Amino acid sequence: MKIENNSAVLIHYHLTDSDGEVIDSSKGKDPLAYLHGHNNLVPGVERALDGQEVGAQMDVEVAPADGYGEHDPELDISVPLSAFPQDAHAELGPGAMFQGPHPSDQTKAAMYTVIELAGDEVRCTANHPLAGVTLHFNLEVVEIREATPAEVSQGRVLPPSENQEEECCDDTDCGNKG
């Protein structure tokens, strides 16, 4: 079976940046489950996996445009420290995250990551932490199967407990579809 739209796929991955620094990896862990064709992975990885079979191994370089996007300087902002509750000041170090209004559309929310504290200002960004980064993936296809209708409708691979296709018992109150 080849990976195509609506395939439920298990992959192992090892992700590094251009300097070889490990960003994330499934090595020594369970493989990652994803539903192909439903934007569950960055576009560059999903394209590379399209048509692959179980056992396929590959190295894929993903440019920022096919990963988490280019770094957008308009999403880098400074917020007065006084805008945060006094009891939160101690937690506002680099890497801390908070939600606030989107810089270009105040009616929408954005997640911000604190870059640094500069005097009475908190420098932060709404860019994804990997925006602007060229990603290097080592991938291995572990399993491919056709997704269930429930998975396709939800756009993700479901754990067995949420993926009941057939009646499992005579108890109509058990919570499983039958």
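Refer to the structure above for everything that follows.
The following paragraphs examine the structure supplied in this document. All of these numbers come straight from a predicted model, not from anything done at the bench.

Next up on the list: the overall build of the chain. Helix and strand counts for the chain come out as two helices and nine strands. In the chain, the order of α-helices and β-strands from amino to carboxyl end is β-β-β-α-β-β-β-β-β-β-α. The globule rule puts the C-alpha radius of gyration for 178 residues at 16 Å, and the 21 Å found for the chain is more than 25% above it. The principal-axis extents of the C-alpha atoms in the chain amount to approximately 60 × 45 × 30 Å. The buried share among the 178 residues of the chain stands at 33%. For the chain, restricting intrachain contacts to residue pairs at least 6 apart in sequence, the fraction spanning at least 24 positions comes to 59%. Summed over all atoms, the accessible surface of the chain reaches about 10,800 Å², with 47% contributed by carbon and sulfur.

Trans peptide bonds make up most of the peptide bonds, and negative phi angles are found at most residues other than glycine. Look at asparagine 6: it is not a glycine, yet its phi comes out positive at around 70°. A relative accessible area of 30% means that asparagine 6 is categorised as partly exposed. Of note, the phi angle at asparagine 39 is positive, near 60°, even though the residue is not glycine. Structurally, asparagine 39 can be placed in the loop between strand E3 (32-35) and helix H1 (43-49).

Another point: the sheet that holds strand E5 (residues 76-80). Remark on secondary structure: sheet strands pair via backbone hydrogen bonds, oriented parallel or antiparallel. Pairing in this open sheet of four strands is antiparallel, and the strands run E5-E8-E7-E6 from one edge to the other. Looking at the sheet topology across the chains shown, the edges are occupied by E5 and strand E6 (97-101). Here the average twist between neighbouring strands, direction ignored, is 45°. Where E6 meets strand E7 (residues 109-118), five bridges bridge the pair, whose relative direction is antiparallel. Each bridged residue has a counterpart across the sheet, and for proline 101 the counterpart in E7 is alanine 109.

Take the side chain of glutamate 151 next. As for its position among the elements, glutamate 151 is in helix H2 (residues 149-154). Its relative accessible area of 0% is what places glutamate 151 among the buried residues. One polar contact links the side chain of glutamate 151 to the main-chain amide nitrogen of leucine 158, over a distance of 3.0 Å. When sequence neighbours within four positions are dropped, the list of residues in contact with glutamate 151 reads Ala8, Leu35, Arg145, Arg156, Val157, Leu158 and Asn163.

Now for the layout of surface pockets. When its volume is computed, the largest pocket comes out at roughly 190 Å³. As for the largest pocket, its lining consists of Ile11, Tyr13, Leu15, Asp24, Leu32, Leu41, Val42, Val45, Tyr68, Phe137 and Leu139. Among the elements of the structure, strand E1 (7-16) and strand E9 (135-146) are those that each provide at least two residues to the lining of the largest pocket. Tallied by class, the residues present in the lining of the largest pocket amount to ten nonpolar, no polar and one charged.

Time to look at the side chain of histidine 36. Relative to the helices and strands, histidine 36 is located in the loop between E3 and H1. By relative accessible area, which is 2% here, histidine 36 ends up buried. Looking at histidine 36, its side chain comes within polar contact range of the side chain of tyrosine 34, at 2.8 Å. At 3.0 Å, the side chain of histidine 36 and the side chain of aspartate 50 are in polar contact. Histidine 36 has contacts with Ile3, Glu4, Asn5, Asn6, Ser7, Val9, Glu46, Leu49 and Asp50, leaving out every residue within four places of it along the chain.

What counts and how
Residues numbered from 1 in each chain as written. Predicted model: local features only at pLDDT ≥ 70, side-chain atom pairs only at ≥ 80, totals over all residues. Heavy atoms only, no water. Helix = DSSP H or I, 4+ residues; strand = E, 2+ residues; numbered from the N terminus. Rg over C-alpha atoms; globule rule 2.2 N^0.38 Å. Buried < 20%, exposed > 50% of the residue type's maximum accessible area, 1.4 Å probe, protein only. Contact = heavy atoms within 4.5 Å. Areas by Shrake-Rupley, 256 points an atom, 1.4 Å probe, with all protein chains shown as cover. Pairing = 2+ DSSP bridges. Axes fitted to C-alpha atoms, helices over the stretch in contact; angles between N-to-C directions. Polar contact = N/O pair within 3.5 Å; in protein donor to acceptor, adjacent residues only side chain to side chain. 1 Å grid on protein atoms, 1.4 Å probe; cavity = no way out; pocket = protein on both sides within 12 Å on 5 of 7 lines; lining within 4 Å. Points joined across faces, edges and corners; volume = space filled by probe spheres on them. Nonpolar A, V, L, I, M, F, W, Y, C, P; charged D, E, K, R; others polar.

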